[in-house]
Amino acid sequence: MNVTKIQKILLLLTVINLAIIFLFPPYDDNSINHNGIGIFSGFLFAFSHKPENFVINSSFLYLEVAVVIINLCILLLLTIENARRTKGKKFNFRNASILLVVINLVGVLLFPPFEYISHMTRAVIPTFEGFYFVFDHPPYRAIVTPLLYLEVFVVLINGCLMLLVFKGSKADVYTAEDALSYAAKLKAAKSKNIKL
């Protein structure tokens, strides 16, 4: 399969995104604990000097990586599907669906759910205080990771459902006679130096 220019750009953007994610991973501060739960302290440069009580929030890091890779897979599938179905059209409902999913995922990660540190428990359904900008949240708040995971999964499920709804018409099916007829036209055009 030939890799198109758009697919190369998507792969390059994914590598850049993953590099940024690993250079600035999310950190938890374990010095202020409540029931043994670390407090989200932001995204810090991986090679900078940090206090010993700062540890990488691996759950959040895995979520970021998963979102980037899932987006890459969906976008690559869409480029293949789009080239096969649209035939000259630049935009369709499937592209609009994937754009909406990407915007939703970015919004979910930029404004995650937070809760007060004093209310943190290991309950299955955590407390919830509100959505704040991840780089400028009020003090003494921690990200509610179960709710964040739930948001991401709902966005991805909705995106998959939209892609199924807007799947478009079936691809053209050609018979052996159609292929022979087309080959004859190509041969005749080649002998006359005419482009089809």
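Residues numbered from 1 in each chain as written. Predicted model: local features only at pLDDT ≥ 70, side-chain atom pairs only at ≥ 80, totals over all residues. Heavy atoms only, no water.

**Quick notes on the overall build of the protein chain**
Then, number 1: Along the protein chain, the regular secondary structure elements total 5 helices and 6 strands.
Then, number 2: Each helix (α) and strand (β) of the protein chain, taken in turn from the N terminus, gives the series α-β-β-β-α-α-β-β-β-α-α.
Then, number 3: Within the protein chain, the fraction of its 196 residues that count as buried is 32%.
Then, number 4: Sequence-distant contacts, at least 24 apart, represent 61% of the contacts inside the protein chain between residues at least 6 apart.
Then, number 5: Roughly 13,200 Å² of accessible area belongs to the protein chain as shown, and the carbon and sulfur atoms make up 68% of that amount. (Helix = DSSP H or I, 4+ residues; strand = E, 2+ residues; numbered from the N terminus. Buried < 20%, exposed > 50% of the residue type's maximum accessible area, 1.4 Å probe, protein only. Contact = heavy atoms within 4.5 Å. Areas by Shrake-Rupley, 256 points an atom, 1.4 Å probe, with all protein chains shown as cover.)

**Regarding the nonpolar core**
Then, number 1: Core analysis: the largest hydrophobic core is formed by 20 residues, its most contacted members being Phe-40, Phe-60, Leu-63, Leu-105, Ile-143, Leu-148 and Val-152.
Then, number 2: For this core, the secondary structure elements donating two or more residues are β2 (37–43), α2 (58–85), α3 (93–110) and α4 (145–165).
Then, number 3: Leu-18, Ile-21, Leu-61 and Val-68 belong to the second-largest nonpolar core, a separate cluster that totals 5 residues. (Core = buried A, V, L, I, M, F, W, Y, C linked by side-chain atoms within 4.5 Å.)

**Topic: the side chain of Asn-57**
Then, number 1: Assignment of secondary structure puts Asn-57 in the loop between β3 (54–56) and α2.
Then, number 2: When its relative accessible area of 11% is taken as the criterion, Asn-57 is described as buried.
Then, number 3: In this structure, Asn-57 is in contact with Pro-26, Tyr-27, Asp-28 and Phe-40, ignoring residues within four places of it in sequence.

**Here's the deal with the sheet that holds strand β5 (residues 130–131)**
Then, number 1: Within the open sheet, the 3 strands sit side by side as β5-β4-β6. Their pairing is antiparallel. Looking at the sheet topology across the chains shown, the edges are occupied by β5 and β6 (141–143).
Then, number 2: Both strand β4 (residues 113–116) and β6 contribute to a ladder of 3 bridges, which runs antiparallel. Across the sheet, residue Tyr-116 finds its bridge partner in β6, namely Arg-141. (Pairing = 2+ DSSP bridges.)

**Observations concerning helix α5 (residues 176–191)**
Then, number 1: Taking 1.5 Å of rise per residue, 16 residues should cover 22 Å, and α5 covers 23 Å from first to last C-alpha, within 8% of that figure.
Then, number 2: A positive backbone phi angle near 55° is found at Asn-193, which sits one or two residues after α5. (Expected span 1.5 Å × (residues − 1).)

**Quick look at helix α1 (residues 5–23)**
Then, number 1: Over its 19 residues, α1 extends 27 Å from the first C-alpha to the last, a length consistent with the 27 Å expected when each residue adds 1.5 Å.
Then, number 2: Of all the positions in α1, only Gln-7, Leu-10, Thr-14, Leu-18 and Ile-21 are classed as buried. In a view along the axis of α1, the buried residues occupy a sector of 70°, so they form one face of it. Projecting away from the buried face of α1 at angles above 90 degrees are the exposed residues Lys-5, Lys-8, Leu-12 and Val-15. (Arc of directions from axis to C-beta.)

**Thoughts on the environment of Glu-115**
Then, number 1: Positionally, Glu-115 belongs in strand β4.
Then, number 2: Classification of Glu-115 as buried rests on a relative accessible area of 5%.
Then, number 3: Sequence spacing of Glu-115 and Gly-130 is 15 residues, and the spatial spacing of their C-alpha atoms is 6.9 Å.

**Describing the confidence of the model for the protein chain**
Then, number 1: Per-residue pLDDT for the protein chain averages 76, and the proportion of residues at 70 or more is 76%.
Then, number 2: Taken element by element, the predicted model of the protein chain shows its lowest mean pLDDT in strand β1 (residues 26–34) (71) and its highest in α1 (87). (pLDDT = per-residue confidence, 0-100.)

**Considering the layout of surface pockets**
Then, number 1: Computed from the structure, the largest pocket encloses a volume of approximately 620 Å³.
Then, number 2: Forming the walls of the largest pocket are 22 residues, and the residues nearest its centre are Asn-17, Ile-21, Val-68, Val-106 and Leu-109.
Then, number 3: Residue assignment for the lining of the largest pocket shows that the elements contributing at least two residues are α1, α2 and α3.
Then, number 4: If you tally residues by element for the lining of the largest pocket, the top one is α2, at 7 residues.
Then, number 5: Considered class by class, the residues forming the lining of the largest pocket number 18 nonpolar, 3 polar and 1 charged. (1 Å grid on protein atoms, 1.4 Å probe; cavity = no way out; pocket = protein on both sides within 12 Å on 5 of 7 lines; lining within 4 Å. Points joined across faces, edges and corners; volume = space filled by probe spheres on them. Nonpolar A, V, L, I, M, F, W, Y, C, P; charged D, E, K, R; others polar.)

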